Amino acid sequence: MTIGNQAPKKERRSRRSKTVNEKAPLLPKSQEEDAGFDEFDGASFTGAVFNLSTTIVGAGIMALPATMKVLGLGLGVAMIIFMAFLTEASIELLLRFSRAGKSASYGGLMGDAFGKYGRILLQVAVLINNVGILIVYMIIIGDVLSGTSSSGLHHAGVLEGWFGEHWWTGRFFILLIATLAIFSPLACFKRIDSLRFTSALSVALAVVFLVITVGITVIKLINGSIMMPRLLPNVTDLTSFWKLFTVVPVLVTAYICHYNVHSIDNELEDSTQIKAVVRTSLALCSTVYIMTSIFGFLLFGDGTLDDVLANFDTDLGIPYSSLLNDAVRVSYAAHLMLVFPIVFYPLRLNLDGLLFPLARPLYQENMRFASITIGLIALIFLGANFIPSIWDAFQFTGATAAVCLGFIFPASITLRDRHNIATKKDKILCIFMVVLAVFSNLVAIYSDAYALIKKSSSPRE
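Reading the values: the criteria
- Residues numbered from 1 in each chain as written.
- Predicted model: local features only at pLDDT ≥ 70, side-chain atom pairs only at ≥ 80, totals over all residues.
- Heavy atoms only, no water.
- Axes fitted to C-alpha atoms, helices over the stretch in contact; angles between N-to-C directions.
- Helix = DSSP H or I, 4+ residues; strand = E, 2+ residues; numbered from the N terminus.
- Parallel < 35°, antiparallel > 145°, perpendicular 65-115°, else oblique.
- Left-handed = near helix turned anticlockwise from the far one by under 90°.
- Contact = heavy atoms within 4.5 Å.
- Nonpolar A, V, L, I, M, F, W, Y, C, P; charged D, E, K, R; others polar.
- Salt bridge = Lys/Arg side-chain N within 4 Å of Asp/Glu carboxyl O.
- Buried < 20%, exposed > 50% of the residue type's maximum accessible area, 1.4 Å probe, protein only.
- pLDDT = per-residue confidence, 0-100.
- Phe/Tyr/Trp six-rings, centres within 6.5 Å; stacked < 30°, edge-to-face > 60°.

Draft legend 1. Representation of the packing of helix H5 (residues 116-146) against helix H7 (residues 171-187) in the model. H7 packs onto H5 with a crossing angle of 120° between their chain directions and a minimal axis gap of 9 Å. In this view, H5 runs oblique relative to H7, as classed from their interaxial angle. Relative to H7, H5 is oriented so that their crossing is right-handed. On H7, the residues that touch Met 138, Ile 139, Ile 141, Gly 142, Asp 143, Leu 145 and Ser 146 of H5 are Arg 171, Ile 174, Leu 175, Thr 179 and Phe 183. Along the lines of polarity and charge, the residues of the contact of H5 with H7 split into 7 nonpolar, 3 polar and 2 charged.

Draft legend 2. Structural view of the pattern of salt bridges. The final tally for this structure, using the stated rule, is 12 salt bridges. A salt bridge links Asp 352 to Arg 368, with the shortest nitrogen-to-oxygen separation between them at 2.7 Å. Taken together, the residues span a long stretch of sequence, with Asp 352 in helix H13 (residues 321-355) and Arg 368 in helix H14 (residues 366-386) at a distance of 16 residues. With respect to burial, Asp 352 and Arg 368 carry one shared label: buried.

Draft legend 3. Spatial organisation of the confidence of the model for the chain. On average, residues of the chain score 81 in pLDDT, and 85% of them are at 70 or above. At the low end of the mean pLDDT range in the chain sits helix H9 (residues 238-243), at 74; at the high end sits helix H3 (residues 73-101), at 92.

Draft legend 4. Main features of the packing of aromatic side chains. For the structure shown, the criterion picks out 6 aromatic pairs. An angle of 65° between the planes, with centres 5.5 Å apart, marks the rings of Phe 172 and Phe 381 as edge-to-face. A residue pair is termed long-range when its members are at least 10 positions apart, and Phe 172 in helix H7 and Phe 381 in helix H14 qualify at 209 residues. Classification of Phe 172 as partly exposed rests on a relative accessible area of 41%. Owing to a relative accessible area of 10%, Phe 381 belongs among the buried residues under this scheme. Plain terms: the ring middles of Phe 172 and Phe 386 are 6.0 Å apart, the flat faces sit at 50° to each other, and that makes the pair tilted. Of this pair, Phe 172 sits in helix H7 while Phe 386 sits in helix H14, and the two are 214 residues apart along the sequence. Taken together, the ring pairs in this structure connect Phe 172, Phe 381 and Phe 386 into an aromatic cluster.

Here it is, written out as structure tokens:
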């Protein structure tokens, strides 16, 4: 779909109250014209909440318990709540300026504020961010199901543990089957609302992970095998002080969902509900984040790894430990499989807008729709299988693109203020968001570069 050149969206309270064009023909001129979304009465509030929540809760949930290890439970939970409010404010700015400029997409809004090159910059950022996210998701799914040897030691995947090491439990075959049987069919939906049921299941699987973690933690609390967690960070020297800032990128990018807000808003039956959808989704995801962070840190303490999923590869010290480990890992892999189409939808939309800015809407062109879908899925599959350094590359580009989409672009649109609707409070908030985003980027780039240098120099020592 031509994301930067959609017709301006008219204000509407409900799709059911449509004005009738008396000069319009009673029958459509062609079957193709009637094959669009005419029969679609609009997305429900619940479906929109699930789709936006699924956009938010991706792989980042697994990194949050490690932030508690650095910040302590008190400061860590406070930062999760603070970032939820900051995200809500940035989305509110996007929606307000979209209404003022009658923009139906994020790209259209950037185009309204900064012209053609603003729209292109947004589309490129979405491409970098979402391609990186989807490749990382596929890598994680491969690691969980078929195992990984990236750290030098081989960690058996779930299927390898169940059935042994065979060609059909290898990464390539597992990801090929997942791509053909799950990713491709789900990527073929032309409306984001069509994914509401898979999104609901995705959120439910994240809750399954949370429930299992809470259950294990409660059992170990009863056994008395869990120590009292730290509520505040443990700062003993300058190095430990600087380490506090390494969790900022994780928290800043935890709620990035801005690239899907317009698509969900456009399909809502009642567009006045979009703010309530955003707030409900953020409240739901914040609850899941906080509970996962608290109980994940309680369970593993200072032994919490950067990706808490790796902690479920060891003996938990309770009955049925192996079964619970497998349940956590399988539910999480299934969760990521169902997140895939939600992140893929805006990726395809923005690539089409970048390549064919003046073409007809994407849903009306089956050949173009299929070609872009197949090309992107093939690229993601190849990236996850054959480019060993792809994860390292996206540690840099992904963090940069994500904070641009979540904070720098909304703040820039507000500070540009083409429609003279920004208040002084808005502009102060936007300056804060830009400073936080730039600082987050610098810290992320520095910490990733330092880790890579240390990793490459360690074998020679």
